[in-house]
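An overview of the molecular structure
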Amino acid sequence: MSAHPVDRFAECIAPASWQAVDFISDLHLQASEPGTFEAWVRYLRRPAPDRADALFILGDLFEVWVGDDVLHADALSTDHAFARACAAELRACSTHTPVYFLHGNRDFLLGAAALQACGMQDLSDPTVLVFQGQRWLLSHGDELCLADVDYLRFRAQVRSPQWQRDFLAQPLARREAIARELRAQSEARKRSTGHDPDLWADVDAEAARNWLRRAGAHTLIHGHTHRPAEHPLGNGLRRVVLSDWDMGATPPRAEVLRLDVQGTHRVPLIP
Ligand code: MN
């Protein structure tokens, strides 16, 4: 049986009343980067005229997420308090603006309990957003970085329900120790490539075209690569890459991609 071209992808259909939606990704929120947290809180708390009708978070909101029990663990560490502060901000935002969340490679363990505590609605990766009669394909982007073979092998492992059950069954302190170890390994890899994002794997253009064709969409919006840009993919297809956020960098980075009836616009949030 031939597959319908759009049947693999989940759809999120925007109400006709929505005039604008915002996309953010790769904030890598962590207690040790208060400047990025503060910029994000200022964004979430903007007055109503500046707000979009919905917020889409396309992954790696958090630098790490080891389990939803950080939101109610008895031993309150700095990291737990930070996660709770983030959840409170998201929940407050969700009372006036719908917030959608798609998992990244850092926060793939954020589960149903945390989604509920944060007032966020879960999105599959990828999802087609149907907005103002047009189809926009949303993804974190990591699954399309085909050259990153080691990572894709790791991804297949950690996205399996069995691996996640086994991992989450371990005590919180043990999970936090494993996450620190994985992060140290990742930092060591980054040092070996000189911290230059240009040397990291990028989204494979043919894979992106293939997804867009199957989704019946013209534009892929994704994060993950930390290389904000617009790439034409031929035949009217293109991909738009979100910026990561880092208020500790020189110059600092914090940017929203807004989609309205005119199309996509980058909105820098640096004061
Ligand atoms: Mn990522």
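Read on for an overview of the structure. (Residues numbered from 1 in each chain as written. Predicted model: local features only at pLDDT ≥ 70, side-chain atom pairs only at ≥ 80, totals over all residues. Heavy atoms only, no water.)

1. Let's talk about the coordination of the manganese ion
The protein atoms donating to the manganese ion are Asp60 (OD), Asn105 (OD1), His140 (NE2) and His224 (ND1), with metal-donor distances spanning 2.0 to 2.2 Å. In the primary structure, the donors to the manganese ion are separated according to the pattern D-x44-N-x34-H-x83-H. Of this pair, His140 sits in the loop between strand E7 (134–139) and helix H4 (149–158) while His224 sits in the loop between strand E8 (219–222) and strand E9 (229–234), and the two are 84 residues apart along the sequence. Judged by relative accessible area, which is 0%, His140 ranks as buried. (Donors = N, O, S within 2.8 Å, 3.2 Å for Na, K, Ca; no water. Helix = DSSP H or I, 4+ residues; strand = E, 2+ residues; numbered from the N terminus. Buried < 20%, exposed > 50% of the residue type's maximum accessible area, 1.4 Å probe, protein only.)

2. A closer look at the sheet that holds strand E10 (residues 237–241)
One open sheet accounts for 6 strands, arranged E1-E6-E7-E8-E10-E9; its pairing is mixed. This sheet does not close on itself; its edge strands, each paired only once, are strand E1 (10–13) and E9. Pairwise comparison of adjacent strand axes, ignoring direction, gives a mean angle of 25° for this sheet. Sheet topology places strand E6 (residues 127–131) next to E7; 5 bridges connect them, and they run antiparallel. When the sheet's bridge partners are listed, Thr127 is paired in E7 with Leu138. (Pairing = 2+ DSSP bridges. Axes fitted to C-alpha atoms, helices over the stretch in contact; angles between N-to-C directions.)

3. Quick word on the pairing of strand E11 (residues 255–260)
As a general feature of sheets, a regular strand has side chains that alternate between the two faces. The element E11 is largely enclosed, with a buried count of 6 among its 6 residues. By the alternation rule, side chains of E11 split into Glu255, Leu257 and Leu259 and Val256, Arg258 and Asp260, which are all buried. Two strands pair when backbone bridges link them, and strand E2 (residues 20–24) and E11 are joined in this way by 4 bridges, in the antiparallel orientation. When the bridges of E11 are listed, Val21 appears paired with Leu259.

4. A few points about helix H1 (residues 34–44)
What H1 keeps buried is the set Thr36, Phe37, Ala39, Trp40, Val41, Tyr43 and Leu44. Next to the buried residues of H1 lie E2, strand E3 (54–57), helix H2 (78–94) and E11. (Contact = heavy atoms within 4.5 Å.)

5. Notes on unusual backbone geometry
Put simply, Asp125 and Pro126 share a cis peptide bond, and its omega is 0°. Mapped onto the elements, Pro126 comes out in the loop between strand E5 (120–123) and E6. Look at the link from Thr250 to Pro251: it is a cis peptide, with omega at -5°. Relative to the assigned elements, Pro251 resides in the loop between E10 and E11. Despite not being glycine, Asp26 has its phi angle at roughly 60°, a positive value.

6. Here's the deal with the pairing of E8
Side-chain alternation along E8 places Thr219 and Ile221 on one buried face and Leu220 and His222 on a second face that is also buried. The sheet contact formed by E7 and E8 spans 4 bridges and is parallel. By the bridge assignment, Ser139 is partnered in E8 with His222. The pairing of E8 with E10 spans 4 bridges and is parallel. Note that in E10 the partner of Leu220 across the bridge is Arg239.

7. Examining the sheet that holds E11
Spatially, the 6 strands line up as an open sheet ordered E5-E4-E3-E2-E11-E12, and their pairing is mixed. The outermost strands of the open sheet, each flanked by one partner alone, are E5 and strand E12 (263–268). If you compare each strand with its neighbour and ignore which way they point, the axes differ by 25° on average.

8. Some points on the packing of aromatic side chains
Applying the stated criterion across every chain, the model contains 12 aromatic pairs. Ring geometry for Tyr43 and Trp245: centres 6.4 Å apart, planes at 75°, overall edge-to-face. Here Tyr43 is found in helix H1, whereas its partner Trp245 is found in the loop between E10 and E11, with 202 residues between them in sequence. Between Phe108 and Trp163, the ring centres sit 6.3 Å apart and the planes meet at 45°, which makes this aromatic pair tilted. Pair noted here: Phe108 is in the loop between strand E4 (99–102) and helix H3 (112–118) and Trp163 is in helix H5 (residues 161–168), with a separation of 55 residues, a long-range link. (Phe/Tyr/Trp six-rings, centres within 6.5 Å; stacked < 30°, edge-to-face > 60°.)

9. Regarding helix H6 (residues 172–192)
In this model H6 runs 30 Å from its N-terminal to its C-terminal C-alpha over 21 residues, within 8% of the 30 Å that 1.5 Å per residue would give. Of the residues making up H6, those classed as buried are Leu172, Arg175, Glu176, Ile178, Ala179 and Ser186. One face of H6 carries all of its buried residues, which in axial projection span an arc of 160°. Residues of H6 that are exposed and point more than 90 degrees away from the buried face comprise Ala173, Arg180, Arg191 and Ser192. Each element contacted by the buried residues of H6 is listed here: H2 and H5. (Expected span 1.5 Å × (residues − 1). Arc of directions from axis to C-beta.)

10. Let's talk about the environment of Trp245
The class for Trp245 is buried, based on a relative accessible area of 3%. At 3.0 Å, the side chain of Trp245 and the backbone oxygen of Glu255 are in polar contact. (Polar contact = N/O pair within 3.5 Å; in protein donor to acceptor, adjacent residues only side chain to side chain.)

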